[in-house]
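Here is what each chain is made of, one letter per residue.
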Amino acid sequence: MKRVYKITLLLGITMLVASCHNDKAPNYQYFPNMYESVGYETYSESNAFANGKEGQLPAEGSINRGFEPYEYPNTTEGYELAKANLKSPLDSLDRNSGKGKELFEIYCISCHGATGNGKGKLVEREKFLGVPSYKDREITEGSIFHVETYGLNAMGSHANQLSVHERWLIADYVLKLRSQL
């Protein structure tokens with residue numbers, strides 16, 4: 001009796017599978033280009049661009065979204081001009097020393113130290129040498145911002161990591177640290 005059930009079950013499954021296939025009414029694909037995309041040769045010429053070979057250049061005089069121009073050049077003269085003339089655009093309500101301290105502890109403390117004495121963990125481990133103390137230097141908020149933007153000597157630029165507002169907050173906090181030394 002079990003044998004009859006097995007044969008019946010096998011015959012039923014075979015009929016079910018065979019009944020689903022119909023050559024006269026093929027299945028339709030939704031968005032067939034997604035399933036069967038056109039293959040392109042890597043690095044081949046394309047008519048997607050105006051000149052047929054390479055990508056488009058940005059429009060003349062355009063700037064990146066969110067970019068804020070900085071008029072002081074990355075030179076010694078630019079540093080001196082920023083030191084003498086550049087003032088913070090932050091008003092008394094924007095000067096958040098808690099946020100400035102938080103950013104300082106993330107980006108600056110490893111080299112400059114918690115008090116700004118130039119004795120951070122990387123200096124103590126002799127990974128960087130010659131990080132000056134804030135009290136030994138004649139600095140202004142403009143010079144701090146300029147150095148954060150372009151970098152100076154072994155210090156690299158932090159313009160990619162920090163927004164303009166965050167760099168001004170750090171400059172404000174550094175001046176507060178300097179007054180405590």
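Residues numbered from 1 in each chain as written. Predicted model: local features only at pLDDT ≥ 70, side-chain atom pairs only at ≥ 80, totals over all residues. Heavy atoms only, no water.

*Asks:* Give a description of a nonpolar patch on the surface that names residues and reports values.
*Replies:* A cluster of nonpolar residues, Tyr 30, Phe 31, Met 34 and Tyr 35, forms a patch on the protein surface that exposes about 600 Å² of accessible area. Among the secondary structure elements, Phe 31 is positioned in the loop between α1 (2–20) and α2 (32–35). (Patch = residues over 30% accessible without salt bridge, like charges linked within 9 Å, V, L, I, M, F, W, Y side chains within 5 Å. Areas by Shrake-Rupley, 256 points an atom, 1.4 Å probe, with all protein chains shown as cover. Salt bridge = Lys/Arg side-chain N within 4 Å of Asp/Glu carboxyl O. Helix = DSSP H or I, 4+ residues; strand = E, 2+ residues; numbered from the N terminus.)

*Asks:* Would you mind going over the nonpolar core in detail, with residue names and values included?
*Replies:* In globular proteins that are soluble, nonpolar side chains generally tend to be buried together. Among the nonpolar cores identified, the biggest contains 20 residues, and Tyr 70, Leu 86, Phe 104, Tyr 134, Trp 168, Ile 170 and Val 174 are the most heavily contacted of them. In contact with Ile 170, other than residues within four places in its own chain, are Gly 100, Leu 103, Phe 104, Cys 108, Glu 148 and Leu 162. (Core = buried A, V, L, I, M, F, W, Y, C linked by side-chain atoms within 4.5 Å. Buried < 20%, exposed > 50% of the residue type's maximum accessible area, 1.4 Å probe, protein only. Contact = heavy atoms within 4.5 Å.)

*Asks:* Could you give me a rundown of the packing of helix α4 (residues 97–107) against helix α8 (residues 164–180), with the residues and numbers involved?
*Replies:* One way to put it is that α4 packs onto α8 with a least axis distance of 8 Å and a crossing angle of 95 degrees. The pairing of α4 with α8 is recorded here as roughly perpendicular in orientation. Contact residues: Ser 97, Lys 99, Gly 100, Lys 101, Leu 103 and Phe 104 in α4; Glu 166, Leu 169, Ile 170, Tyr 173, Val 174, Lys 176 and Leu 177 in α8. (Axes fitted to C-alpha atoms, helices over the stretch in contact; angles between N-to-C directions. Parallel < 35°, antiparallel > 145°, perpendicular 65-115°, else oblique.)

*Asks:* Got a sec to walk through the packing of aromatic side chains? Specific residues and values, please.
*Replies:* Summed over the entire model, instances satisfying the criterion amount to five aromatic pairs. For the pair Tyr 70 and Tyr 150, a centre-to-centre distance of 5.6 Å together with 55 degrees between the ring planes defines the contact as tilted. Note that Tyr 70 is positioned in the loop between α2 and α3 (76–85) and Tyr 150 in helix α7 (residues 141–150), a separation of 80 residues in sequence. Overall, the relative accessible area of 27% leaves Tyr 150 in the partly exposed class. Ring geometry for Phe 104 and Tyr 173: centres 5.4 Å apart, planes at 55 degrees, overall tilted. Of this pair, Phe 104 sits in helix α4 while Tyr 173 sits in helix α8, and the two are 69 residues apart along the sequence. Note on Phe 104: relative accessible area 1%, which makes it buried. Within the aromatic cluster, the residues linked to one another by ring pairs are Tyr 70, Tyr 72, Phe 145, Tyr 150 and Trp 168. (Phe/Tyr/Trp six-rings, centres within 6.5 Å; stacked < 30°, edge-to-face > 60°.)

*Asks:* Which residues make up α8, and what are the values?
*Replies:* The end-to-end C-alpha distance of α8, which contains 17 residues, comes to 25 Å, matching closely the 24 Å that a straight helix rising 1.5 Å per residue would cover. For α8, the full list of buried residues reads Arg 167, Trp 168, Leu 169, Ile 170, Ala 171, Asp 172, Tyr 173, Val 174 and Leu 177. Residues of α8 that are buried make contact with α4 and α7. (Expected span 1.5 Å × (residues − 1).)

*Asks:* Provide a residue-level description of unusual backbone geometry, including the pertinent values.
*Replies:* Its identity as a non-glycine residue notwithstanding, Glu 126 has a phi of 60 degrees, on the positive side. Along the polypeptide, Glu 126 turns up in the loop between α6 (121–124) and α7. Residue Glu 126 is classed as exposed on the basis of its relative accessible area, which comes to 63%. A positive phi angle, close to 55 degrees, is found at Asn 153, a residue other than glycine. Tracing the backbone through its elements, the reader meets Asn 153 in the loop between α7 and α8.

*Asks:* Run through the layout of surface pockets, naming residues and quoting values.
*Replies:* As a volume, the largest pocket reaches approximately 570 Å³. Lining the largest pocket we find 25 residues, and of these His 112, Val 131, Val 147, Leu 152 and Met 155 sit closest to its centre. For the lining of the largest pocket, the secondary-structure elements that each account for two or more residues are α5 (109–112), α7 and α8. Of the residues contributing to the lining of the largest pocket, the split by class is 17 nonpolar, six polar and two charged. Glu 68, Pro 69, Tyr 70, Val 164 and Arg 167 are, among the 19 residues lining the second largest pocket, the residues nearest its centre. Where the lining of the second largest pocket is concerned, the elements lending two or more residues are α7 and α8. Take the lining of the second largest pocket: its biggest share by element is four residues, from α8. (1 Å grid on protein atoms, 1.4 Å probe; cavity = no way out; pocket = protein on both sides within 12 Å on 5 of 7 lines; lining within 4 Å. Points joined across faces, edges and corners; volume = space filled by probe spheres on them. Nonpolar A, V, L, I, M, F, W, Y, C, P; charged D, E, K, R; others polar.)

The analysis is restricted to geometry; functional conclusions fall outside its scope.
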